[in-house]
Amino acid sequence: DAGVIQSPRHEVTEMGQEVTLRCKPISGHDYLFWYRQTMMRGLELLIYFNNNVPIDDSGMPEDRFSAKMPNASFSTLKIQPSEPRDSAVYFCASKGTSPYNEQFFGPGTRLTVL
Amino acid sequence: TQLLEQSPQFLSIQEGENLTVYCNSSSVFSSLQWYRQEPGEGPVLLVTVVTGGEVKKLKRLTFQFGDARKDSSLHITAAQPGDTGLYLCAGPNTGGFKTIFGAGTRLFVKA
C-alpha cells in the first residue's frame, strides 16, 4: 500500500514567485495535515483538514499561505509570493481511524527561496 | 498550553552503547507517540503508549509511559549506526486532533 506522496521533493525558486506543493494522502485516511520543519522552530502544524474541510488553519503564518483539498486524494499548499524566510521542509501527513492520532508522514518537500 | 520537552537535544555515542532519551510535560496526555526521522525523510511512527506505566519493546528499543501520563522515555540498548536520526515524541492536544511535537533528540551513533 502506497504511503503519503508529496511532490516535488525539492523546489528552488526566487523571492516573489508562487510555489505550489502537492500531497496525496493514504487512501481511506480522512485527516490531512500540513507541517513545516526548520532547525530553529522544529515541526510546526500549519493547517489540517477533516473529510476535505479545513478545520484549523491557525498555524498558517500569514495570508501568503493557502491550502486546499478539492477531494479526498489530493491537497495543495500554495505560497504566493514566496520569501526567503519560507525556506523549510514541508511535510504532509494523514491519519486514519486510529483513536490515538497516529499520523503517517510523506517524505517532504525541501523548499529553498532565493 | 500543552508542551513536550525532550532531552537531551543532541546525543553522540559509540556503537554498542546504551542510551535513554526523555520526553516530559506538565500536562497529562491521553497517549504519546514516538517517531524517528532519518535525514531527508519524514517522521516514521515507532510506537504509541496509552496506559500509565506501560512498557513497550521494539527489538532493542524500550518505551515507557510515566504512571501519571506526563512523561515518557525511550531506551536503546546496544545502539547501532542505523539508529541515527531525530527522535520525536508527540501527543494529542486536549481536543484530540492536533498533535503536539517535542523539539526532538538528535542521535548520532558512530561506528
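We now turn to the structure provided with this report.

Considering the overall build of chain B
Reasoning step 1: Scanning chain B from terminus to terminus reveals zero helices and 11 strands.
Reasoning step 2: Counting helices and strands in the order they occur from the N terminus, chain B gives β-β-β-β-β-β-β-β-β-β-β.
Reasoning step 3: On C-alpha atoms alone, chain B measures out to a radius of gyration of 13 Å, which is about the 13 Å that the 2.2 N^0.38 rule sets for 111 residues.
Reasoning step 4: Counting the 111 residues in chain B, one finds 46% classified as buried.
Reasoning step 5: Considering only contacts in chain B between residues 6 or more positions apart, those separated by 24 or more positions represent 53%.
Reasoning step 6: Averaging the positions of the 10 positive and the 9 negative side-chain charges in chain B gives two centres separated by 4 Å.

Notes on the pattern of salt bridges
Reasoning step 1: In this structure the tally under the stated criterion is 11 salt bridges over all chains.
Reasoning step 2: When the shortest N-O distance is used, the salt bridge between K56 of chain B and E54 of chain B registers 3.8 Å.
Reasoning step 3: Exposure remark for K56 of chain B: the relative accessible area of 32% places this residue in the partly exposed category.
Reasoning step 4: On the basis of relative accessibility, which here comes to 18%, the residue E54 of chain B falls in the buried class.
Reasoning step 5: The shortest N-O distance in the salt bridge between R60 of chain B and D83 of chain B comes to 2.9 Å. Taken together, the residues R60 of chain B in the loop between β6 (55–58) and β7 (61–65) and D83 of chain B in the loop between β8 (71–76) and β9 (85–92) connect sequence positions 23 residues apart.
Reasoning step 6: In this structure, a network of salt bridges that share partners links the residues E62, R64, E83, R85 and D86 of chain A.

Here's the deal with the packing of aromatic side chains
Reasoning step 1: Scanning the entire structure with this criterion turns up 11 aromatic pairs over all chains.
Reasoning step 2: Plain terms: the ring middles of F33 of chain A and Y35 of chain A are 6.3 Å apart, the flat faces sit at 25 degrees to each other, and that makes the pair stacked.
Reasoning step 3: Judged by relative accessible area, F33 of chain A falls into the buried class, the value being 0%.
Reasoning step 4: Geometrically, the ring pair formed by F105 of chain A and F101 of chain B is edge-to-face, given 6.0 Å between the ring centres and 75 degrees between the ring planes. Of the two residues, F105 of chain A is situated in strand β10 (residues 104–105) and F101 of chain B in strand β10 (residues 99–101); the pairing between them involves two chains.

The rules we used
Residues numbered from 1 in each chain as written. Chains lettered and ligands numbered in written order. Predicted model: local features only at pLDDT ≥ 70, side-chain atom pairs only at ≥ 80, totals over all residues. Heavy atoms only, no water. Helix = DSSP H or I, 4+ residues; strand = E, 2+ residues; numbered from the N terminus. Rg over C-alpha atoms; globule rule 2.2 N^0.38 Å. Buried < 20%, exposed > 50% of the residue type's maximum accessible area, 1.4 Å probe, protein only. Contact = heavy atoms within 4.5 Å. Lys, Arg positive; Asp, Glu negative; His and termini not counted. Charge placed at Lys NZ, Arg CZ, Asp CG, Glu CD. Salt bridge = Lys/Arg side-chain N within 4 Å of Asp/Glu carboxyl O. Phe/Tyr/Trp six-rings, centres within 6.5 Å; stacked < 30°, edge-to-face > 60°.

That is the geometry; function is a separate question.
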